[in-house]
Amino acid sequence: MRLDPGAADLDFRQKARTWLAGNVPHAPAPPDGQASRAYALDWLAKLHAGGWSGLAWPEAYGGKGLTPGRLLTWYEEYVRARAPSTLDCTFVALNHAGPTLIACGTEDQKAFHLPRILEGRSIWCQGFSEPGAGSDLASLKTTGRVDGCDLVINGQKIWSSFADIADYQELLIRTEPGSKRHKGLSWVICDMSLPGITVRPIRNMAGVSHFAEVFYDDVRIPLTQVVGGLHDGWTTAMTTLGFERRTAAMALQLELSVRIEDLIARAAPAPGSAMADRLADLRAEAAAIRAMSYRTALREPATPFDGSVVRLAFAELAQRIHRAAMDVLGPDALTDGQWVHEYLESYSETIAGGTAEIQRNIIAERMLGLPREPRA
Amino acid sequence: MSFDLTPTDDLRQILDAAQTMLDTHYPVARLRTDGQTDPMEPLAEFGTFLLALPEDAGGAGFSVVEEALLHVSFGRHLVSPSALAMAIAARIALDAGRDDLAAGIGGGQITVCTAIAAPDGPLLCEPAGTTYALVVADDGLTLRPLDGATQAPVTSMGHGRSMTRLTALPDPSTDLRAKVETARLHTLLCAAQLLGIATGARDLAVDYAMTREQFGRPIGSFQAIKHHCADMAIGVEMLSAQLDMAAIAARDGADDAAFQIAALACLAPRIALENARTGIQIHGGIGFSAEADAQLYLKQAHVLRHCLLAGDLLSLPAPMAPFERQPA
């Protein structure tokens, strides 16, 4: 068990630090809408030009194929330099859609989309959840009827982040009539400019419109846009989630270690005070989240549950850190500002991408081997 | 590879061998009888107290990483805090040039108990037959001979492990103080044992949740129980990942070693106590009884939290502190 960087590792860290110091934008990211799209794509294009995009992607697909150790190093430098959050409108493309296409896509799909994603030329959103299919994703009802060379899509998706500014959507629909649960689904690339698509942004509790409802009214998508097998979309979707749970959250997890330092600096608690104790506990937990990121990345063989555990521990710690920030701010917590905004946003951490309750089921059933819940 | 957290074959072999020794000599069920004192001979024969000492000092030349993970196994078996005291006492003796004493402790001929400083006099944990005490106080660790000391019997928490109180202290001129690095190592190993407690409590609770049935189903199928089990697993994973970071930093003398160990010390008692509490709750009525083992984990967690010298985490520089931004 080793964490000792060699000369080449130290050199890599220094190169990353120098580049970030010279290139991280000074202006904060706009909260939503077209301005947020332009900001995110500019930043990604800049990363690409500097040789810093697609670091985890295989070299055969335009990525850098960095080792997990190098990725940790990059993201540590990234968050310490206060570079833009990786959870922006490029996140789905870089961490879900791209890797899914690499794993399951056709050569044509890869050749068209992967360069666009890496170069900062296209935004993707996810179309999985529906009003009636949240934690129970397999109960989704949006249909795609095969008609000649097309799928004709009808139905509704919800909580689709950045759908209003996205070029493409990973769309999971029921293509086999009468099929149930995980069977008969397909994962398709949906061009968001197609006729019959209506996007209605939804304001979240922090007052910004990241996510949206998407309505499909006889939207025709060529069958060539199916990723993985027709009617075998669940397999493709699980590949997506697998990527998400392994390394996509690395930057966010490491960033907590920076945020707690910001909070300690802002609070400047008196030694021995209750606030000092509380912040010390939070600092220790942030250190443990970093340690879990390291373990997830650097321990072989990778155990599929490391990701679930660290993701949940991270989400709940993020909420506690921001809750503590509200106490540090006092009455200023009633006015808008970065900490307050992030506090409100942190409520999504235990809901988006699988609720904390579902994560606990996964940990208990698949990692600890406890019996499954009764299911319909 | 310079970045790799995969346990090495050496480590796995040590832990496998330790498991056999612990199952033979320290089954948790031994503690169902009050007033137990764990013998130190099997641990000494295993090489526990020499494991990470340099080979020219009679040690096995392993590192504190292997030693810390060995102490996790001790924690799972609720081994007496004397094991921790002896591992550290051997180092204090070596640092003081007392090679004879170090060799005696390493071989198990000289035994050392833990003494926890308290207002009415230090509390000695399982002192029978020991000739030294490792005194844990806010200002550090001291190895103190027990000749001439007088001890008063004490009934320990819940009538558990054997305990006395030191009422008269021997001449302090023969005391040996632990160096800062040695005291830090004590914190590391103590936290490792607390992780073992958290792990053992989790495993016991999960086993029970799989076998105990109510409403015609194993109670572990209900979210109310399985989510408690998941929380215990999360605590174990957090603490164990942090232990790896801290142990590696300590072994390598890394800049952030003090920070990583202080963070570990902050988490360890909290998680161990919480898992022990949850473990009792999951057992229901039997968990509250002295006949079940769940309560043993709780009591041991209380003992070890008082053996732990927690540093002031907030006073230490953070390895992930943000960089100052250059003006635009």
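Details of the structure are given in the entry above.
In this report, we go over the structure that sits alongside the text. Only a predicted model underlies this, so the values are computations on that prediction, with no experimental measurement involved.

Each value, and the rule that gives it
Residues numbered from 1 in each chain as written. Chains lettered and ligands numbered in written order. Predicted model: local features only at pLDDT ≥ 70, side-chain atom pairs only at ≥ 80, totals over all residues. Heavy atoms only, no water. Helix = DSSP H or I, 4+ residues; strand = E, 2+ residues; numbered from the N terminus. Rg over C-alpha atoms; globule rule 2.2 N^0.38 Å. Buried < 20%, exposed > 50% of the residue type's maximum accessible area, 1.4 Å probe, protein only. Contact = heavy atoms within 4.5 Å. Areas by Shrake-Rupley, 256 points an atom, 1.4 Å probe, with all protein chains shown as cover. Lys, Arg positive; Asp, Glu negative; His and termini not counted. Charge placed at Lys NZ, Arg CZ, Asp CG, Glu CD. Salt bridge = Lys/Arg side-chain N within 4 Å of Asp/Glu carboxyl O. Phe/Tyr/Trp six-rings, centres within 6.5 Å; stacked < 30°, edge-to-face > 60°. Lys NZ or Arg CZ within 6 Å of the ring centre and 35° of its normal. Pairing = 2+ DSSP bridges. Buried area = accessible area lost by both parts, 1.4 Å probe. Polar contact = N/O pair within 3.5 Å; in protein donor to acceptor, adjacent residues only side chain to side chain.

Counting secondary structure elements, chain B contains 10 helices and 10 strands. For chain B, the C-alpha radius of gyration of 20 Å lies close to 20 Å, the compact-globule estimate for 328 residues. Looking at chain B as a whole, 59% of its 328 residues are labelled buried. Pairs at least 24 residues apart make up 67% of the contacts formed inside chain B by residues separated by at least 6 positions. Working note: accessible area of chain B is about 13,200 Å², and carbon and sulfur atoms make up 53% of it. Positive and negative side-chain charges of chain B, numbering 22 and 38 respectively, have mean locations separated by a distance of 8 Å.

So, about the pattern of salt bridges. Residues and elements named next belong to chain A. On inspection of all chains with the given rule, the structure shows 41 salt bridges over all chains. Where Arg 259 meets Asp 262, a salt bridge forms, and the shortest distance between an N and an O atom there is 2.8 Å. Note that Arg 259 and Asp 262 are positioned in helix H7 (residues 250–267) at a spacing of three residues, about one turn of the helix. Pair check on accessibility: Arg 259 and Asp 262 agree, each one buried. The salt bridge involving Arg 323 is made with Asp 327; its shortest N-O contact spans 2.9 Å. You can see Arg 323 and its partner Asp 327 sitting in helix H9 (residues 306–329), four residues apart, about one turn around the helix. Classification of Arg 323 as partly exposed rests on a relative accessible area of 39%. With a relative accessible area of 37%, Asp 327 lands in the partly exposed category.

Okay, the side chain of Glu285(A) next. Positionally, Glu285(A) belongs in helix H8 (residues 274–298). Look at Glu285(A) and you get buried, because its relative accessible area is 4%. For Glu285(A), the residues in contact, after removing those within four places along its chain, are Leu317(A), Arg320(A), Met238(B), Leu267(B) and Arg270(B).

Residue and element names in this part refer to chain A. Under the criterion given, the structure shown has 12 aromatic pairs over all chains. Summarising the aromatic geometry, the rings of Trp 52 and Trp 74 are spaced 4.4 Å apart at their centres and angled 10° between planes, so their arrangement reads as stacked. Here Trp 52, found in the loop between helix H2 (33–49) and helix H3 (68–80), pairs with Trp 74, found in helix H3; they are 22 residues apart in sequence, far enough to count as distant. Trp 74 shares its class with Trp 52; the two are buried. Grouping aromatic residues by their ring pairs yields a cluster made of Phe 12, Trp 19, Trp 43, Trp 52, Trp 74, Tyr 75 and Tyr 78. Here Arg 116 stacks its cationic end above the ring of Phe 112, 3.7 Å away from the centre of that ring. A cation over a ring is seen here: Arg 259 above Trp 339, with NZ or CZ 4.0 Å from the ring centre.

All names here are of chain B. Read across the sheet, seven strands follow the order E6-E7-E3-E2-E4-E5-E8 without closing on themselves; strand pairing throughout is mixed. A single partner strand is all that each edge strand has here, and the edge strands are strand E6 (150–154) and strand E8 (176–177). Sheet analysis places strand E2 (residues 112–116) next to strand E4 (residues 132–137), joined by five bridges and oriented parallel. Within E4, the residue paired with Ala 115 across the bridge is Val 135.

Bringing the interface of chain A and chain B into the picture now. With 61 residues of chain A in contact, the opposing surface of chain B contributes 57 residues. Of the roughly 5,400 Å² buried between chain A and chain B on both sides combined, carbon and sulfur atoms contribute 65%. It is Met1(A), Arg80(A) and Arg295(A) that lose the most area in chain A upon contact with chain B, and together they represent 17% of the buried surface on that side. Taken together, the connections running from chain A to chain B amount to six salt bridges. The salt bridge involving Glu237(B) is made with Arg295(A); its shortest N-O contact spans 3.4 Å. Our enumeration of links across chain A and chain B arrives at 25 residue pairs in polar contact (both at pLDDT 80 or more).

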